[in-house]
Amino acid sequence: MPAAVKLEGRRTRAEQRAASMKLILDTSEELFAQFGYFGVTIKDVADRMGIHPALIHYYFDGKKALFDAVFERRVGYAVTLRTAELDAYEARIKGRPTVEGALRAYYDGAFDVYINDEEAWRNFGRIFAQVNNAPGYGAEKMEAYLDPLVLRLIGLLQKALPDAKSEDLFWGFQFTSGAYSLLMSRTGRIDRLSKNLCRSDDFEAVRERFVTFMAGGFNALYKRRKSRSR
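So, a few notes on the structure that sits alongside this text. (Residues numbered from 1 in each chain as written. Predicted model: local features only at pLDDT ≥ 70, side-chain atom pairs only at ≥ 80, totals over all residues. Heavy atoms only, no water.)

## What to know about the packing of aromatic side chains
Then step 1. Under the defined criterion, the tally for this structure stands at 22 aromatic pairs.
Then step 2. Relative to Phe-67, the ring of Tyr-37 has its centre 5.2 Å away and its plane inclined at 80 degrees; by these criteria the two rings are edge-to-face. With Tyr-37 in the loop between helix H1 (13-35) and helix H2 (42-49) and Phe-67 in helix H4 (residues 63-93), this residue pair connects regions lying 30 residues apart in the sequence.
Then step 3. Residue class for Tyr-37 comes out partly exposed when judged on its relative accessible area of 23%.
Then step 4. According to the relative accessible area criterion, Phe-67 is buried, its value standing at 3%.
Then step 5. Measuring from ring centre to ring centre gives 5.9 Å for Trp-171 and Phe-175, while their planes differ by 25 degrees; the resulting arrangement is stacked. Of this pair, Trp-171 and Phe-175 both sit in helix H9 (residues 166-185), four residues apart, roughly one helical turn.
Then step 6. Cation over ring: Arg-74 sits above Trp-121, and NZ or CZ is 5.4 Å from the ring centre. (Phe/Tyr/Trp six-rings, centres within 6.5 Å; stacked < 30°, edge-to-face > 60°. Helix = DSSP H or I, 4+ residues; strand = E, 2+ residues; numbered from the N terminus. Buried < 20%, exposed > 50% of the residue type's maximum accessible area, 1.4 Å probe, protein only. Lys NZ or Arg CZ within 6 Å of the ring centre and 35° of its normal.)

Below is the structure:
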């Protein structure tokens, strides 16, 4: 049965508004995750909820505003989580970071959210991957929310590899970010290729391997550059 917005009991108008917006955002998040921004209309969301599209337009000025609200509802927490992890790491290492340690501070807590929390966060992961791979609008979102943290990570990596070329560190992050986006997309391709030996929704397996693999790439680039300079 479609989920309809109902005003139950004696909730205040503010409570009714909050409940309606949450249901709209939850439904939109699920649809955007499944079909992408261009594959969803306001009418699709309304039909899934069993309401008239006018109710959604009452709260949101069009599909872009709705998509922005879906994205911004969770990205703030994601930024707060990564900031706290980086803060804690820097407090522990007292100016002596390692490549793997810095990457773990940046990524491990994010994977933990997808391991421990409800399906809604996994829906957000797919939406994040869409935004991270979109030129223009997506780049603007990354600049507003994530770029300061990325530059902080790059700074830690520069301390861990003091002779590294900046371009190697930025390319290394680009490769890492691309792999992360693919993982968040959960396309199911690795399931088919491995005949279900690996599952695209197995974030525990991802967390166990991801940082170690990526740290190896950064260190390999660094060693190759050093060997060429001799």
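Here the narrative resumes, following the displayed structure.
## Focus: the environment of Ala-91
Then step 1. Along the chain, Ala-91 turns up in helix H4.
Then step 2. Judged by its relative accessible area of 51%, Ala-91 falls in the exposed class.
Then step 3. Separated by 54 residues in the primary sequence, Ala-91 and Tyr-37 place their C-alpha atoms 40 Å from one another.

## Digging into the environment of Val-131
Then step 1. One can find Val-131 in helix H6 (residues 119-132).
Then step 2. The class for Val-131 is buried, based on a relative accessible area of 2%.
Then step 3. For the pair Val-131 and Ile-190, spaced 59 residues apart in sequence, the C-alpha to C-alpha distance is 22 Å.
Then step 4. Sequence-distant contacts of Val-131, defined by excluding residues within four places in its chain, comprise Phe-67, Phe-71, Gly-138, Lys-141 and Met-142. (Contact = heavy atoms within 4.5 Å.)

## Things to note about the pattern of salt bridges
Then step 1. Across all of its chains, the model carries 18 salt bridges by this definition.
Then step 2. For Lys-64, the salt bridge identified is with Asp-68, shortest N-O distance 3.0 Å. Taken together, the positions of Lys-64 and Asp-68, both in helix H4 and four residues apart, correspond to about one turn of that helix.
Then step 3. By relative accessible area, which is 13% here, Asp-68 ends up buried.
Then step 4. In the salt-bridge network here, residues are joined through shared partners; they are Lys-22, Asp-26, Glu-29, Arg-73 and Arg-74. (Salt bridge = Lys/Arg side-chain N within 4 Å of Asp/Glu carboxyl O.)

## Some details on the nonpolar core
Then step 1. With 62 residues, the main nonpolar core has Ile-56, Leu-66, Leu-103, Tyr-106, Tyr-107 and Tyr-180 as its most contacted residues.
Then step 2. Setting aside residues up to four positions removed in sequence, Leu-103 forms contacts with Asp-108, Leu-153, Val-211, Met-214, Ala-215 and Phe-218. (Core = buried A, V, L, I, M, F, W, Y, C linked by side-chain atoms within 4.5 Å.)

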